[in-house]
Each structure stands twice: as C-alpha cells, then as structure tokens.
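These are the residues of each chain, in order.
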Amino acid sequence: NRQYAVILDPMGPDGKLQLGQKRLVRGDASFFLQPGERLERGIQNVYVLGENQGLVLRATESFLDTATGAAASDAAGKAAAASAKGEERCPGDRWMIRGPAEYVPPVQVEVVTTREAIPLDENEGVYIRDIKSGRVRSVCGETYMLTENEERWEKVLPPGVEALLSGNRDPVADRGERGGGGGGGGGSGG
C-alpha cells in the first residue's frame, strides 16, 4: 500500500503516552488509536515523484538521514560526498530530493513544497532568486528545476512598459506606427 500515517503522542510499550513524540506507520497496517493518541494529518499518500519533480524538505529535529542518501542535494554540494550510511541533518536544514522516487518523510522531516521543472523555449526565460544570497539571475532556453534555496522572482516593470505589453499589438506588423498619431516625417509638397 502507498499510504502512511503519523501518530502524535503514541502509547509506549509501558502503556504510558509519550507526549511530544511521533510514530510513523507505513503500508498495510490496521491499528486503533489508543486514548490520547491522534493522527497528525490523517492517512496520507506516499509522495510519488516523476522524473521532472522534486520535494523541498526541512528537518525539524536532528537525525541521521538514510532515506534520501545520494538522491538529496544541498547548497554545499554534500550529496556526492554523502556516505552510504546517511547524512546528519540538523534542525532547520533544507535539502531537496529529485524524482523518479517514492518518498515517505520520517517524523523528523517536514515537506516544505513540491517542485516541478520549468520547460523554457529558446526565447523564453525566468528570473531566479537565491534566497540565501539574494542574487537574481536569469535562466533562458532550457528546462530548469529550482533548487531548495531558489525561488522564482517577478521583475517589476514601469507602467509605460506594462502599457506597451498589455496592448493588443503585433510587434512586427505595427513597428512602423507610433503612438503619437502623426504624419510621417516627410517634407512639404510644394
């Protein structure tokens, strides 16, 4: 089965509630919630990522990440050097996993957002802002997927440019016309 649930304040083996703790239940499982237990967000589906999809994740607690392994990437580029044993994650760490993959977030991980690749034609582009440095750059003519530390940035255009772009004019056919109406540039006919 491709579902999971997170139980909050689970009952421990000694029959006492473990307040503030979480327990992950995956796959085909039948269980009853004990008094005091509750589900975090109900029964959830496993994240199934296609080839052009990704998940941005954030650690809420320290843990050894063995689930993402080499599939994860972070700003320092540690993914290639990550050992097969896993990577130590600290609270607040952000990283991204890319598809194709199935992913069930451990209880120490929060899914921040899903990402999809942006297909751009050769004369199309987007502005990308690095959220750590604030640097803005443009990406043109390729399929691009934002990393965990990037966001799309919207450029603010002056009102005059907005008016030109919003008009229903063909830039090629109407290039000889000017907005001022007017009479050509010629001399007087004598």
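None of these values were measured; they are calculated from a predicted model.

Peer 1: Break down the side chain of arginine 115 for me, citing the residues and quoting the values.
Peer 2: Looking at the secondary structure, you find arginine 115 in strand E12 (residues 109-116). One buried charged side chain, arginine 115, makes no salt bridge at all; its nearest oppositely charged neighbour is glutamate 150, positioned 6.2 Å away. A polar atom in the side chain of arginine 115 sits 2.4 Å from the backbone oxygen of threonine 147. In terms of polar contacts, arginine 115 uses its side chain to reach the backbone carbonyl oxygen of glutamate 150, at 3.2 Å.

Peer 1: Please provide a residue-by-residue account of the packing of aromatic side chains, values included.
Peer 2: Aromatic ring pairs are reported here in terms of the distance separating the ring centres and the angle at which the planes meet. With the rule as written, the count across this model stands at two aromatic pairs. Arranged with centres 6.3 Å apart and planes meeting at 45°, the rings of phenylalanine 63 and tryptophan 95 form a pair that is tilted. Here phenylalanine 63 is found in strand E7 (residues 63-65), whereas its partner tryptophan 95 is found in strand E10 (residues 94-98), with 32 residues between them in sequence. Judged by relative accessible area, which is 0%, tryptophan 95 ranks as buried. Between tyrosine 127 and tryptophan 153 the ring centres are 5.7 Å apart and the planes differ by 90°, which places this aromatic pair in the edge-to-face class. Of this pair, tyrosine 127 sits in strand E13 (residues 125-130) while tryptophan 153 sits in strand E15 (residues 150-153), and the two are 26 residues apart along the sequence. With a relative accessible area of 35%, tryptophan 153 lands in the partly exposed category. Its end group placed over the ring of tryptophan 95, arginine 89 keeps NZ or CZ at 4.0 Å from the ring centre.

Cut-offs used in this document
- Residues numbered from 1 in each chain as written.
- Predicted model: local features only at pLDDT ≥ 70, side-chain atom pairs only at ≥ 80, totals over all residues.
- Heavy atoms only, no water.
- Helix = DSSP H or I, 4+ residues; strand = E, 2+ residues; numbered from the N terminus.
- Buried < 20%, exposed > 50% of the residue type's maximum accessible area, 1.4 Å probe, protein only.
- Lys, Arg positive; Asp, Glu negative; His and termini not counted.
- Salt bridge = Lys/Arg side-chain N within 4 Å of Asp/Glu carboxyl O.
- Polar contact = N/O pair within 3.5 Å; in protein donor to acceptor, adjacent residues only side chain to side chain.
- Phe/Tyr/Trp six-rings, centres within 6.5 Å; stacked < 30°, edge-to-face > 60°.
- Lys NZ or Arg CZ within 6 Å of the ring centre and 35° of its normal.

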